[in-house]
Amino acid sequence: MFPAAPSLWVRLPPVGSPRGRKARSGRLYSGKGREARPGRQGLSPLIQPFRERPTEVAGLVTDGVGRRYPDKTLARSSFPRPVLVCEQSEQRDQRLDAIPWDSLWVLLLCLLLRTSELQAANALKPNILLIMADDLGIGDLGCYGNDTLSAGIPVSTVLTGMFVCGLLRTPNIDRLAEEGVKLTQHLAAAPVCTPSRSSFLTGRHSFRSGMEADDGYRVLQWNGGSGGLPANETTFARILQQQGYATGLIGKWHQGVNCESCTDHCHHPLNHGFDYFYGMPFTLVNDCRPGGSPELDAVTRARLRLYTQMAALGVLTVAVGKTCGLISVSWKVVLGAAGLVFLFFVTWYASFGFVRRWNCILMRNHDVTEQPMVLETTAGRMLHEAVSYIERNKHRPFLLFVSLLHVHIPLATTKHFLGKSQHGLYGDNVEEMDWLVGEILKAVEVNGLKNTTFTYFTSDHGGHLEARDEHGQLGGWNGIFRGGKGMGGWEGGIRVPGIFRWPGVLPAGRVIHEPTSLMDVFPTVVQLGGGDVPQDRVIDGRSLVPLLRGTAEHSAHEFLFHYCGKYLHAARWHEKDSGRLWKVHYMTPRFHPEGAGACYDRRLCPCSGDGVTQHSPPLLFDLSRDPSEARPLSPGSEPWYHVVVARVGEAVKQHRRTLSPVPPQFSLSNIIWKPWLQPCCGTFPLCACRQDGDPSET
């Protein structure tokens, strides 16, 4: 009687012999591309005493091409491999009686082969590191034309109004571009945060999931709102999670949190395929800085304050008149009116009076860790979390999405970087962002993962031109491109950096001038991770793998459509045969003051109404010759004007046939703050906690 052996058993599926006959039960055979059919299967002599049961991998093709079947998907491989299955027995109390010791060596061999097979499968899947900046202008990076010497002396200085460019140093991002592939026509799917990130995560225009607005609010306003990325949307994180990847998100989310209660987390990252989240469920706003000027819905807030003051003044006037005998009204009416005014004030001040406490918080997974957050320590905490995640998962394939809070106002910058740049606080923040990127890339290299990691850097949209204070510009520079954040048609609002690196796979130093989209990252990452793009919905993105590797000459996009909210502002046509890139504008924002390059009379340019000009016939530009959109073409100056406008118009009609109505996530009922949905550290409304420890020391 031998001691209890490990409760593992071996099943060898029936495979065809070289002459087409089934191999005898118990014979090891390397089946190349054969199908393991369900039913009774041969058993090795090692496990004859065990009860036979159906194998979980029956019915799978094992030629290593990654075909998907109901129960399991085998990892992709470039070589056939033997079918050898090690399973855990359901009968854990069975013992291997009277089995020769040499049979145990067969069992050990099975375990070793299975382990090697899993390791080989994982080795074929690259780690995926996605880094996204917030509100970064494409012209802020050295690799996109903002050239400086290492000593900080500008090689060329470009003046645009009060903005002096060419004074920022981004050596780490520039090195990433030198070691990889740079896209010069990389485009955001929306010109503001929430919809752009929704499109990035799902590979679909944001209005397909209701993450756009007809008018009014264009981004989510509260952690305590009920709008957000619907649970039926599929993110690249969810697909890679199913492929065995560790999936982490560090930083900004801004896709909603809850639906009906403060604990349902229906819009939370962990409900969209990420298995780890640390960061800000909302976005940075000026309100996050103690004493900062109001930013969140500032116009509405000012109106509510004015209405409250007017109502209070009216009640006070009536009370004085009653006291002096000038007005004949009962004190009950006066007190009732005062009570209504007080109730009105409490109703709106409970939300707008505590924006920092409700929106500026940090979470780890489902738990609030800091409320309100301390801006001075946030960058260090984010960096620590990103580096730790890489170290924890270096022995398995991982997807890490680092969604930076830089360089969104209020431009929270640590003391070490204050005053370092030659472009004020914004420049300091950009250079700190570049340092953060460098430290993350260093962690990849230190852990020996550089050659097995697919790295990507971008921004969610163009720089914020209207971001200013009494000291000057607080937003980014969009280079030669017209417009900025909030403008769905002009290039400055949607042209963003696009840098990819995968040493040994992607050619270093390559520059691609083909039109691509942030939505293309979805199918690209899914393909690299061995997954399948969903077939039950419209996917607007196209895989960039052929373009990046040089096996395709042109982008898969012939047409791209540029929206502001739910309004189509422009469309582009890449005429691949001639190489010309046409851009048709149907609407453009009205700049203020007239002749300026932005809407300086408001926070962002509007998408519709009196703030836009509708063009009939539309404006036409040839971006291949006029990338700054400075010279609109006409039938007199461009012989192909009518042909191009008609061709793009037909493409727009076909595109609109793919649209279907969905529940709006930015409706007033979803946008407003709801106390019962508010994430809280402690007992509501006394929500307050601090994260202990200096992130630089942890």
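Residues numbered from 1 in each chain as written. Predicted model: local features only at pLDDT ≥ 70, side-chain atom pairs only at ≥ 80, totals over all residues. Heavy atoms only, no water.

A closer look at the overall build of the chain
Move 1: Across its full length, the chain holds 14 helices and 23 strands.
Move 2: Going through the 698 residues of the chain one by one, you find that 55% of them count as buried.
Move 3: Restricting the contact set of the chain to residue pairs at least 6 apart, pairs at least 24 apart contribute 72%.
Move 4: For the chain, the exposed surface amounts to about 31,000 Å²; the carbon and sulfur share of it is 56%. (Helix = DSSP H or I, 4+ residues; strand = E, 2+ residues; numbered from the N terminus. Buried < 20%, exposed > 50% of the residue type's maximum accessible area, 1.4 Å probe, protein only. Contact = heavy atoms within 4.5 Å. Areas by Shrake-Rupley, 256 points an atom, 1.4 Å probe, with all protein chains shown as cover.)

Here's the deal with the packing of helix H5 (residues 298–323) against helix H6 (residues 331–352)
Move 1: Close contact between H5 and H6 brings their axes to 10 Å; oriented N to C, the two are set at 165°. Relative to H6, H5 is oriented roughly antiparallel. The crossing of H5 and H6 is left-handed.
Move 2: A class-by-class count of the residues in the contact of H5 with H6 yields 16 nonpolar, three polar and three charged. (Axes fitted to C-alpha atoms, helices over the stretch in contact; angles between N-to-C directions. Parallel < 35°, antiparallel > 145°, perpendicular 65-115°, else oblique. Left-handed = near helix turned anticlockwise from the far one by under 90°. Nonpolar A, V, L, I, M, F, W, Y, C, P; charged D, E, K, R; others polar.)

Considering the pattern of salt bridges
Move 1: Throughout the structure, instances matching the rule amount to 29 salt bridges.
Move 2: Ionic pairing is found between Arg208 and Asp540, a salt bridge with its closest N-O pair at 2.8 Å. Taken together, the residues span a long stretch of sequence, with Arg208 in the loop between helix H3 (193–202) and helix H4 (236–242) and Asp540 in the loop between helix H11 (521–528) and helix H12 (545–549) at a distance of 332 residues.
Move 3: The partner of Arg580 in a salt bridge is Glu638, and the shortest N-O contact between them spans 3.2 Å. Pair noted here: Arg580 is in strand E20 (residues 580–589) and Glu638 is in the loop between strand E21 (612–622) and helix H13 (641–656), with a separation of 58 residues, a long-range link. The same class applies to Arg580 and to Glu638, which are both buried.
Move 4: Overlapping salt bridges, with partners in common, bring together Arg175, Glu179, Glu445, Lys450 and Arg501 in one network. (Salt bridge = Lys/Arg side-chain N within 4 Å of Asp/Glu carboxyl O.)

Examining the confidence of the model for the chain
Move 1: Taken as a whole, the chain shows an average pLDDT of 83; of its residues, 78% reach a score of 70 or greater.
Move 2: Contacts of residues 1–99 to residues separated by more than four positions or lying in other chains number 156 contacts, the stretch itself having pLDDT below 50.
Move 3: Predicted confidence is poor over residues 148–166, with pLDDT under 50, and the contacts of this stretch with residues over four places away or in other chains come to 41 contacts. (pLDDT = per-residue confidence, 0-100.)

What about the state of the cysteines?
Move 1: Per the stated rule, a full pass over the model turns up six disulfides.
Move 2: There is a disulfide in this structure between Cys259 and Cys266, and the S-S distance comes to 1.8 Å. Measuring the twist about the S-S bond at about 95°, one finds the Cys259-Cys266 disulfide to be right-handed.
Move 3: A residue is classified by how much of its surface remains accessible, and Cys259, at 28% relative accessible area, is partly exposed.
Move 4: Between the sulfur atoms of Cys681 and its disulfide mate Cys689 the distance is 2.3 Å. What sets the handedness of the Cys681 and Cys689 disulfide is the S-S torsion sign, and at about 140° it is right-handed. For the residue pair Cys681 and Cys689, the accessibility class agrees, reading buried in each case. (Disulfide = S-S within 2.5 Å.)

Here we look at a nonpolar patch on the surface
Move 1: Together, Leu306, Tyr307, Met310 and Phe344 make up a nonpolar patch on the protein surface, roughly 400 Å² of accessible area in all.
Move 2: Element by element, the count of residues in the nonpolar patch is highest for H5, at three residues.
Move 3: Topologically, Tyr307 is positioned in helix H5. (Patch = residues over 30% accessible without salt bridge, like charges linked within 9 Å, V, L, I, M, F, W, Y side chains within 5 Å.)

Thoughts on the packing of aromatic side chains
Move 1: One pass over the full model with this rule turns up 23 aromatic pairs.
Move 2: The interplanar angle of 45° and the centroid separation of 5.7 Å between the aromatic rings of Phe454 and Phe500 together place this pair among those described as tilted. Linking Phe454 in strand E12 (residues 453–459) with Phe500 in strand E15 (residues 495–501), this pair joins segments that are 46 residues apart in sequence. For the pair Phe454 and Phe500, one class covers both residues: buried.
Move 3: Geometry around Tyr276 places Arg392 over its ring, the cationic atom sitting 5.0 Å from the centre. (Phe/Tyr/Trp six-rings, centres within 6.5 Å; stacked < 30°, edge-to-face > 60°. Lys NZ or Arg CZ within 6 Å of the ring centre and 35° of its normal.)

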